[in-house]
Amino acid sequence: MRRRSLAVLLASAVITALTAFATPALGDTVDVSPPGANDWSCKPTAEHPDPVVLVHGTFENMAKNWSMLSPKLADAGFCVFALNYGHDATDHVADSARELAPFVDAVLSATGAHKADIVGHSQGGMMPRYYLKFLHGANKVDDLVGIVPSNHGTTNPLAAVTGATVCAACADQVAGSPFLTELNAGGDTVSGPDYTVITTKYDEVVTPYTSAFLDGPTKQVTNITLQDACPMDPIEHDQSPNDPVVARWVINALDREGPADPGFKPQCVG
C-alpha cells in the first residue's frame, strides 16, 4: 500500500510539472513580493553579510515560486530580495539575464553589500550563469545555489514543443541548444562564485536529472541529489523550492565559505 501511494504521488507530480512547461500561471498577481522579500531598508548583518536574490523558474513568478523559502531565509536572518523577469521567464534566457543584472546592482546599492548570493529554481538556477559569465556578474556574486537547475538542458519533449510556440526560454533549455552550447563552452563555472546544485531523482522536467550537475573543482562546486541523504524524499521538480530539506541545503550553502558541505546531513522530515 505504501509503495502504491508513493507511485500515485509521483504520478501526480509528473502531471503537475509537465503541464508547467505548457501552461503559464496566468492567475498569479504580477509584482507581488513573497513573504520576507524586498524590504529595501534591510541591512545585512556580520553573520549574513550577503543579501540573497531569489530567481524564479519558467512560467513562474516570485510570489508563487518563493512563498515558502523566502520567509525561511528571512527568519534565518538574511536580507531577501526577489524579482519578476522575462514575462514569467518565457523570454530568451540571455534577455532575462540582462534584467537580472541591474536588479543585483540595485540590491547591492540599497544594502551596501559588496556581493550578493543568488538562489534560483529551474531556469532561475541556470540563467544567472549567463549573468556571471557574460555580463560581468562574477565579481558581484558570492554563491549561486541552483534548485533543480537546467544547466545542461532537458530531453523532455515538451520543452521543444513550447519552445516552438509560446516560450523562447523553453527552446533555449532544450539539451544541445545553441544557447546552452554557448553558455557551457569553455567550462561550467567562472572564477569567483561558489556553486551549489540541488537535484532530485524524481525530476521529470529537467531530464535526466543529472543534467543539472556542474563540472568544477570540489572547493567551488557541490552537486547534491536529495535522495542520497534523504532516500524517502519524494519531491519533484515543481515543488522542490517548497521542500524543507531543500531549504536546509540552501541555508547550509549560504552559511559557510565555499559551496554547500557535501557531507552535510539534513533533517529528512518536515
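Residues numbered from 1 in each chain as written. Predicted model: local features only at pLDDT ≥ 70, side-chain atom pairs only at ≥ 80, totals over all residues. Heavy atoms only, no water.

J.: How would you sum up the state of the cysteines? Please name residues and give values.
T.: In protein structure, a disulfide is the covalent linkage between the sulfur atoms of two cysteines. Scanning all chains against the criterion turns up three disulfides. The disulfide partner of Cys167 is Cys170, and the gap between their sulfur atoms is 2.3 Å. Judged by the torsion about the S-S bond (80 degrees), the Cys167/Cys170 disulfide is right-handed. The pair formed by Cys167 and Cys170 is uniform in burial state, with each residue classed as buried. The disulfide that involves Cys230 links it to Cys268, with 2.0 Å between the sulfurs. Taking the sign of the torsion about the S-S bond as the criterion, the disulfide between Cys230 and Cys268, at about -80 degrees, is left-handed. Residue Cys230 is found in the loop between α10 (226-229) and α11 (244-254), and its partner Cys268 is found in the segment after α11; the two are separated by 38 residues along the sequence. Its relative accessible area of 37% is what places Cys268 among the partly exposed residues. In the protein, the bonded cysteines, taken in the order they occur along the sequence, pair up as 1-2, 3-4, 5-6. (Disulfide = S-S within 2.5 Å. Buried < 20%, exposed > 50% of the residue type's maximum accessible area, 1.4 Å probe, protein only. Helix = DSSP H or I, 4+ residues; strand = E, 2+ residues; numbered from the N terminus.)

J.: Outline the sheet that holds strand β6 (residues 221-225), listing residues and values.
T.: Pairing is parallel in the open sheet, where six strands are placed in the order β2-β1-β3-β4-β5-β6. If you trace the sheet from one side to the other, it starts and ends with β2 (80-83) and β6, each paired once. Within this sheet the neighbouring strands show an average axis-to-axis angle of 15 degrees, counted without direction. With six bridges joining them, strand β3 (residues 116-121) and strand β4 (residues 141-147) adopt parallel strand pairing. Looking across to β4, one finds that Val119 is bridged to Val145. Strand contacts of helix α5 (residues 93-111): β1 (52-55), β2 and β3, with the helix running at about 155 degrees to β2, the strand carrying the most contacts. (Pairing = 2+ DSSP bridges. Axes fitted to C-alpha atoms, helices over the stretch in contact; angles between N-to-C directions. Contact = heavy atoms within 4.5 Å.)

J.: Any chance you could break down the pairing of strand β5 (residues 194-199) for me, citing the residues and the numbers?
T.: Burial within β5 is extensive, with six of its six residues counted as buried. Going residue by residue along β5, you find Asp194, Thr196 and Ile198 tucked away on one face and Tyr195, Val197 and Thr199 tucked away on the opposite face as well. Judged from the five bridges that link them, β4 and β5 form a sheet pairing that is parallel. In the sheet register, Ile147 faces β5, and the bridge partner there is Ile198. When β5 meets β6, the two strands line up parallel, connected through five bridges. Paired with Ile198 across the strands is Ile224, a residue of β6.

J.: I'd love a proper account of the packing of aromatic side chains, names of residues and values included.
T.: In the structure shown here, the tally under the stated rule is six aromatic pairs. A ring pair is formed by Tyr209 and Phe213, whose centres lie 6.4 Å apart and whose planes are at 85 degrees; its orientation type is edge-to-face. The exposure class assigned to Phe213 is partly exposed, which follows from its relative accessible area of 23%. One aromatic cluster is present, built from ring pairs that chain together Trp40, Phe81 and Phe103. (Phe/Tyr/Trp six-rings, centres within 6.5 Å; stacked < 30°, edge-to-face > 60°.)

J.: Tell me about the pattern of salt bridges, and please be specific about residues and values.
T.: A complete count under the given rule lists three salt bridges for this structure. The partner of Asp95 in a salt bridge is Arg98, and the shortest N-O contact between them spans 3.0 Å. Highlighted residues: Asp95 and Arg98, both in helix α5, separated by three residues, approximately one helical turn. Under the relative-accessibility criterion, Arg98 is labelled partly exposed at 42%. Of the charged contacts in the structure, one is a salt bridge between Asp105 and Lys140, with a shortest N-O distance of 2.8 Å. With Asp105 in helix α5 and Lys140 in the loop between α6 (123-134) and β4, this residue pair connects regions lying 35 residues apart in the sequence. Owing to a relative accessible area of 35%, Asp105 belongs among the partly exposed residues under this scheme. (Salt bridge = Lys/Arg side-chain N within 4 Å of Asp/Glu carboxyl O.)

J.: Can you lay out the nonpolar core for me, pointing to particular residues and giving the numbers?
T.: Val53, Val55, Leu100, Ile118, Tyr131 and Phe179 are the most contacted members of the largest nonpolar core, which totals 40 residues. In terms of residues, this core owes the most to one element, α5, which gives nine residues. Among residues more than four places away in sequence, those in contact with Ile118 are Val53, Val55, Leu100, Pro128, Tyr131, Val141, Asp143, Leu144 and Val145. Ranked by size, the runner-up nonpolar core spans 27 residues in total, among them Val52, Ala247, Ala253 and Leu254. (Core = buried A, V, L, I, M, F, W, Y, C linked by side-chain atoms within 4.5 Å.)

J.: Please set out the packing of α5 against α6 residue by residue, giving values where relevant.
T.: What describes two packed helices is the angle between their axes and the distance between those same axes. Across the interface, α5 lies against α6 with an axial gap of 8 Å and an inter-helix angle of 75 degrees. Classified by the interaxial angle, the pair formed by α5 and α6 is roughly perpendicular. Between α5 and α6, the contacting residues are Val93, Ala94, Ser96, Ala97, Arg98, Leu100, Ala101 and Val104 on the first element and Gln123, Met126, Met127, Pro128, Tyr130 and Tyr131 on the second. The residue inventory of the contact of α5 with α6, partitioned by class, reads eleven nonpolar, two polar and one charged. (Parallel < 35°, antiparallel > 145°, perpendicular 65-115°, else oblique. Nonpolar A, V, L, I, M, F, W, Y, C, P; charged D, E, K, R; others polar.)

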